[in-house]
Amino acid sequence: MKISLSSDEVAFRDELRTFYRTQIPEEIRERVKYGREISREDVVTTHKLLNDNGLAVPNWPVEWGGKDWTPMQRHIWQDEMQLASVPEPLTFNAQMVGPVIAQFGSQEIKERFLPPTAALDIWWCQGFSEPDAGSDLASLRTTAVRDGDSYIVNGQKIWTTLAQYADWIFCLVRTDPSAPKKQAGISFLLFDVKSPGVTIRPIKLIDGGHEVNEVFFENVRVPADQLVGEENMGWTYAKFLLGNERTGITAVGRSKVKLAVAKEYAARTKSGSGTLLTDPIFAARIAELENELLALELTQLRVVSQTEEGKPNPASSVLKLRGSELQQEMTELLLDIAGPDGLPVGAGDIASPEWAQRSGPAYLNYRKTTIYGGSSEVQRTIIASTILGL
């Protein structure tokens, strides 16, 4: 097991650390660090800066902008990015559709879509989940019927994250309703969300934000040459994509930043004759979280050092499970520090700090971390079967 960096890896880390802290606008990083809203323009600015310096899509093939890095170098790239509070490259482009196109797309599809995907000249959204096909994704009902040189798409997607910003959608559609297995009749289509017949409608979340959407398709005509790979092979491509989606969900770096911010706020919060940070019970809670994060970080380093290129490591389920739980615990910690100031207030009410007002919505929003990318129940099943052999 390797838990320390070599001299070359230390130099690599320091180079990235310097770049992230000097070349990415400080005002954007501050908004990320303190949980303030970042705009579409913030994401585009950061993504393009990273891409211009070869740091947006290192997991892609080298010929399409990737890097011939070791798993440890990729880990350092992402961990240092999170520690510097840099918005990560848009996941729909960098971790989802890009790798699928690079792996399964025709040469024409690759040449057409990979460069603008890497540069975020196309903002992609993900058309997978449906009202009756979320966790059971293979039960999707959106259809694509071949009509000459096109497909005619009808159906609905839901929970489509940031579709309000998107230019294109990568979409799972049913092309063979009579296939003997439901997974066998699915294809992977790409199309412009401004195509006639596409309607995007916002969903207001429990935290009051607009992050996800419903997307409706009514006789949307999609050129057949925008099919990725082979017809009816979309389920294979989807599984490949979902494996990439789970990369980085552990988010040790982001949790470290949240814990540091929580300590900063606690040091300003009065408790008895001192501050909350000096309260023995609160200090013990902080120490426990720091130990949990350290244990997770060491486990992550062990997994990274033992991962063979191109092969999934079942221990990543441990990282996803505990990492998502700790992310939730960080938002709960911030909400507890805020106390009554975390309650929503309106105009004319007693003012409370802006960070405290954000703590409640953030806590509610982070309930999703133990669901997306494979729910905790799914991860425990994987751990039980593939690691423990139960």
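The shown structure was predicted, so the numbers you read here are calculated from the model rather than taken from an experiment.

### A few points about the nonpolar core
Phase 1 of the analysis: Counting residues in each nonpolar core, the largest one holds 74 residues, and the members touching the most others are Tyr20, Phe170, Phe188 and Leu190.
Phase 2 of the analysis: In this view, Tyr20 contacts Arg29, Leu50, Leu55, Trp77, Glu80, Met81, Ala84 and Val86; residues no more than four positions away in its chain are not counted.
Phase 3 of the analysis: Counting 25 residues, the second-largest nonpolar core is a separate cluster that includes Tyr34, Leu276, Ile286 and Leu326.

### Comments concerning the packing of aromatic side chains
Phase 1 of the analysis: Under the counting rule described, the total for this entry stands at 15 aromatic pairs.
Phase 2 of the analysis: Geometrically, the ring pair formed by Phe104 and Phe240 is edge-to-face, given 5.2 Å between the ring centres and 85 degrees between the ring planes. Note that Phe104 is positioned in helix H5 (residues 91-104) and Phe240 in helix H7 (residues 234-245), a separation of 136 residues in sequence.
Phase 3 of the analysis: The partly exposed category is assigned to Phe104, whose relative accessible area is 24%.
Phase 4 of the analysis: Feature note: the residues Phe113, Trp124, Phe128, Trp168, Phe170 and Phe188 constitute an aromatic cluster, connected by ring pairs.
Phase 5 of the analysis: The residue whose ring lies beneath Arg146 is Tyr151, and the NZ or CZ to ring-centre distance is 5.3 Å.
Phase 6 of the analysis: One residue, Arg367, lies across the ring of Tyr363, its end atom 3.9 Å from the ring centre.

### Looking at the UniProt feature "domain: Acyl-CoA dehydrogenase/oxidase N-terminal" (unreviewed entry) in the chain
Phase 1 of the analysis: Taken from the UniProt record, the annotation "domain: Acyl-CoA dehydrogenase/oxidase N-terminal" (unreviewed entry) applies to residues 7-119.
Phase 2 of the analysis: A helix fraction of 68% and a strand fraction of 0% characterise residues 7-119, whose end C-alpha atoms lie 32 Å from each other.

### Section: the side chain of Ser187
Phase 1 of the analysis: Among the structural elements, Ser187 can be located in strand E5 (residues 186-192).
Phase 2 of the analysis: Sequence-distant contacts of Ser187, defined by excluding residues within four places in its chain, comprise Cys171, Leu172, Val173, Thr175, Leu227, Glu231, Asn232 and Gly234.

### Topic: the pairing of strand E6 (residues 198-204)
Moving residue by residue along a regular strand, the side chains alternate between the two faces of the sheet.
Phase 1 of the analysis: Two elements, E6 and strand E7 (residues 210-223), share seven bridges in a ladder whose sense is antiparallel. Bridge pairing in E7 places Arg201 opposite Glu214.
Phase 2 of the analysis: The antiparallel hairpin formed by E6 and E7 contains five residues in its connecting segment, where Gly208 sits at a positive phi of about 90 degrees.

### Let's talk about the pattern of salt bridges
Phase 1 of the analysis: Per the stated rule, a full pass over the model turns up 21 salt bridges.
Phase 2 of the analysis: The salt bridge involving Asp147 is made with Arg221; its shortest N-O contact spans 2.9 Å. Of this pair, Asp147 sits in strand E2 (residues 143-147) while Arg221 is found in strand E7, placing the two residues 74 residues apart along the sequence.
Phase 3 of the analysis: Overall, Asp147 belongs to the partly exposed group, its relative accessible area being 39%.
Phase 4 of the analysis: The network of salt bridges with shared partners includes Glu292, Arg322, Glu325, Glu329 and Arg380.

Cut-offs and rules
- Residues numbered from 1 in each chain as written.
- Predicted model: local features only at pLDDT ≥ 70, side-chain atom pairs only at ≥ 80, totals over all residues.
- Heavy atoms only, no water.
- Core = buried A, V, L, I, M, F, W, Y, C linked by side-chain atoms within 4.5 Å.
- Buried < 20%, exposed > 50% of the residue type's maximum accessible area, 1.4 Å probe, protein only.
- Contact = heavy atoms within 4.5 Å.
- Phe/Tyr/Trp six-rings, centres within 6.5 Å; stacked < 30°, edge-to-face > 60°.
- Helix = DSSP H or I, 4+ residues; strand = E, 2+ residues; numbered from the N terminus.
- Lys NZ or Arg CZ within 6 Å of the ring centre and 35° of its normal.
- UniProt positions renumbered as here; feature names shortened; annotations may be inferred.
- Pairing = 2+ DSSP bridges.
- Salt bridge = Lys/Arg side-chain N within 4 Å of Asp/Glu carboxyl O.

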